[in-house]
Amino acid sequence: MKTKLLILLILTLFLISGLVFLYRDIVENDEGIYWVTFLLADKGYKLYSEITFSQLPGFFISIYGLFKLFGSTIAAARFGVLYWSTLALLSIVWLGHIKKNLIFSLISLALLISIPTYFNQSITLQSDIIAVAFSTLSFVILIKFSTSSNNKRSNIWVILSALFFSLALLTKFDYSLVLPLGFLFLTQKKNRMLNVLLFSLISLTTTIITLIFFGPKNVLTNVLILRENALLVYPFEPFKIFEYLKNDLLLFVLVSINILILIFKQKKDYLFKSYYLWFISSLFLVISFRPNFHHHLLFLVVPSVLLFSNYILSANVSINSSTVLPTSLEFRWASRTSQLIKTFLIVLTVVLLYSFVNNLNGLKARQNSRFLKERETAKNFILENTNINDTIISDEAALYGMTGRLPPPELADLSYVQIRSGNITSDKFQSIIKKYKPKLVIAWNGRIKEIKGIERMLGNYDKIRDWVWVRQ
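What you are looking at is a predicted structure, and each value in this text was computed from that prediction instead of being measured.

Enquirer: Help me out: how do you make sense of the side chain of Glu 31 in this one?
Expert: Structurally, Glu 31 can be placed in helix H2 (residues 29-42). Within the local environment of Glu 31, its side chain forms a polar contact with the side chain of Arg 78, the two groups lying 2.9 Å apart. Residues in contact with Glu 31, not counting those within four places in the same chain, are Arg 24, Ile 26, Ile 74, Arg 78, Ile 123, Thr 124 and Leu 125.

Enquirer: In this structure, what is going on with the domain arrangement of the protein? I would like to understand it.
Expert: Interfaces are often described in size by the accessible area the parts lose on coming together. Partitioning the protein into domains gives domain 1 (1-314 + 334-367) and domain 2 (370-471). In this complex, domain 1 contributes 24 residues to the contact, which on the side of domain 2 involves 24 residues. Looking at the side of domain 1 facing domain 2, the largest losses of area belong to Asn 29, Thr 52 and Leu 226, adding up to 26% of the total buried there. Scanning the region where domain 1 abuts domain 2 turns up zero salt bridges. Linking domain 1 with domain 2 are four residue pairs in polar contact (both at pLDDT 80 or more). At the level of secondary structure, the elements contributing two or more residues to the side of domain 1 that touches domain 2 comprise H2 and helix H11 (216-233). Of the residues forming the side of domain 1 that touches domain 2, the biggest block, eight residues, is contributed by H2.

Enquirer: Please clarify how the sheet that holds strand E2 (residues 440-442) should be interpreted in this entry.
Expert: What holds strands together in a sheet is hydrogen bonding between their backbones, with the strands either parallel or antiparallel. Spatially, four strands are ordered E1-E2-E4-E3 in an open sheet, and the strand pairing comes out mixed. Where the open sheet ends on each side, the last strands, each with one partner, are strand E1 (392-394) and strand E3 (461-465). The sheet shows a mean angle of 20 degrees between the axes of neighbouring strands, direction not considered. Here E3 pairs with strand E4 (residues 468-471) via four bridges, running antiparallel. For Asp 462, the partnering residue across the bridge sits in E4 and is Val 470.

Enquirer: I tried to follow a nonpolar patch on the surface on my own but got confused; where do I start?
Expert: A cluster of nonpolar residues, Phe 239, Phe 242, Leu 249, Phe 252 and Val 253, forms a patch on the protein surface that exposes about 500 Å² of accessible area. Considering every element that reaches the nonpolar patch, the biggest residue donor is helix H13 (residues 249-264), with three residues. Among the residues examined, Phe 242 registers a relative accessible area of 40% and is labelled partly exposed.

Enquirer: What is the right way to look at the packing of helix H9 (residues 178-186) against helix H10 (residues 192-214) in this model?
Expert: Between two packed helices, both the angle of their axes relative to each other and the distance between the axes serve to describe the pair. Look at H9 against H10: their axes get within 9 Å of each other, and the N-to-C directions meet at 150 degrees. It follows from the interaxial angle that H9 and H10 lie roughly antiparallel. Contacts from Leu 181, Phe 185 and Leu 186 in H9 reach Arg 192, Asn 195, Val 196 and Phe 199 in H10. Classifying every residue of the contact of H9 with H10 gives five nonpolar, one polar and one charged.

Criteria and cut-off values
Residues numbered from 1 in each chain as written. Predicted model: local features only at pLDDT ≥ 70, side-chain atom pairs only at ≥ 80, totals over all residues. Heavy atoms only, no water. Helix = DSSP H or I, 4+ residues; strand = E, 2+ residues; numbered from the N terminus. Polar contact = N/O pair within 3.5 Å; in protein donor to acceptor, adjacent residues only side chain to side chain. Contact = heavy atoms within 4.5 Å. Domains from an automatic or database assignment. Buried area = accessible area lost by both parts, 1.4 Å probe. Salt bridge = Lys/Arg side-chain N within 4 Å of Asp/Glu carboxyl O. Pairing = 2+ DSSP bridges. Axes fitted to C-alpha atoms, helices over the stretch in contact; angles between N-to-C directions. Patch = residues over 30% accessible without salt bridge, like charges linked within 9 Å, V, L, I, M, F, W, Y side chains within 5 Å. Areas by Shrake-Rupley, 256 points an atom, 1.4 Å probe, with all protein chains shown as cover. Buried < 20%, exposed > 50% of the residue type's maximum accessible area, 1.4 Å probe, protein only. Parallel < 35°, antiparallel > 145°, perpendicular 65-115°, else oblique. Nonpolar A, V, L, I, M, F, W, Y, C, P; charged D, E, K, R; others polar.

Shown next as C-alpha cells:
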C-alpha cells in the first residue's frame, strides 16, 4: 500500500508541476515553429504540400487533435506532449504490475521525473518525447504479450505494440526497439512466426496509410531531403553526446553505470536482456542522429532508467539470498544489508529531490531572461503596426502565435537548418515575398540576415529599425 501511495504521489507531483509550467513563455524557437504550423493548419493550409514542416507526420497526428480541443494555444500543444509523456509513465507502473514488483515502478518513476531531460521535454512542444512515449508503450505492451497465457488476447497485444512502434518511427525515426522486440518475439515458443508477421503487417500498413494520406513525395521533400542537406552543413561528431551528458548529471551517472553493468555484470533473465538491448540500440540511435541539441539525449532516458532499476532490485535479491550463514552471522549479515539498502534509498531520494527542485528553479529562472523581456518590444511593434489579417515574416517564430499574425506557409520554419542547408534559397525567399507581400519582415534573432541579398530583396520596404522592414 505504501508503494502505491508513493507512486501516486510521484505522478501527482509530475502532473501538477507539468501543468504549471505549460503556461511559461516560449524560449526554444522550435516551439514557435511548431505552434505556427498548427495555426496554419487551422487556417486550412495543407501540411507538407503548402506548409513547410521538418517533422514526420506522427508528431502532427499525436498533438493536433488535443491542440484544437484545448484552445489552439501553446499551452494546449504542450498539454498534448504532457499527455503522451504521462501515458508512458503509467505504462511503467503497468510494467511493475506485470513484473509483480511495484518497487521497480516506484524507483523508475522517481528517476524519470528527476532527470531534467525527461521532465523538460514532457512540457515542451517537441517530437522527441512523443516518440519515446510511443516506444515505451510498444515495449511494455509486448512485455505483457510475452507473459500472457491467453492466446485469444495475445493478438491484441501484438497489434497494439505494432501500432505504437510504427508511430514511434513515424514521429522521429525511432528504431531503437528493433533489437529488444525481436528478442522478445524469439523468446516465444508458440506461433512465433505468425506473431512476427502480424506485427510487421500492422507496422507496415500503418506507415503506408499515413504516408499516403500526407503524400510520400511531400514528406520526402520536407523531412528526408532536408536532413540529407543538413548532413553537409553539420559535421559528424559522435562524441558530442558526452558533452551534452555533462549538462544532465543524473542521466550521465545512469548511462555510465549501465555501461559498466553491461561490461561486468550481465544477467540471464529475458527482462534484463530486453532492457540492455534497448539501451544499446538507443545509444546507436542517438549517435546516428548526430545530436545537435541536448534534447536528443531523450532516447537514452527510459531504457537507462529501466535497466538501472532492474539491476538495483535484482542485486538486492541476490545479496539477501546468495549465501547460507550460521544463525548469528546470518542475522548480522541481514541487518547490515538492510541498513545498506535503507542508506542507499535515503541518498537516492535526496539526490532525486535535489535534481527535481533544481530543475524547476532553472525553468523558472529562464522566464526572467533579458531575451524574453526584449521580445515584448517586437510583439508590441507588430500589434501596433498590423491588423489580424496582415501577413508578416519573422525569424523569431514565437511572435506569430503571440500576435496572431501568420507568415506565408512556406516560411513557417525559418530555422538555421532550413537556411544553412539551402532549403530556403534567396530566390525562393524573394518569390514568396512577391507572392504574399508581407506587411512586416522582422529579423529579430539574425536568421533572416543570413539569407544572401536580403537587403536587395527588401528594396520596396522601409527599414525603420535595425531588425524590422515595413512595406511601403
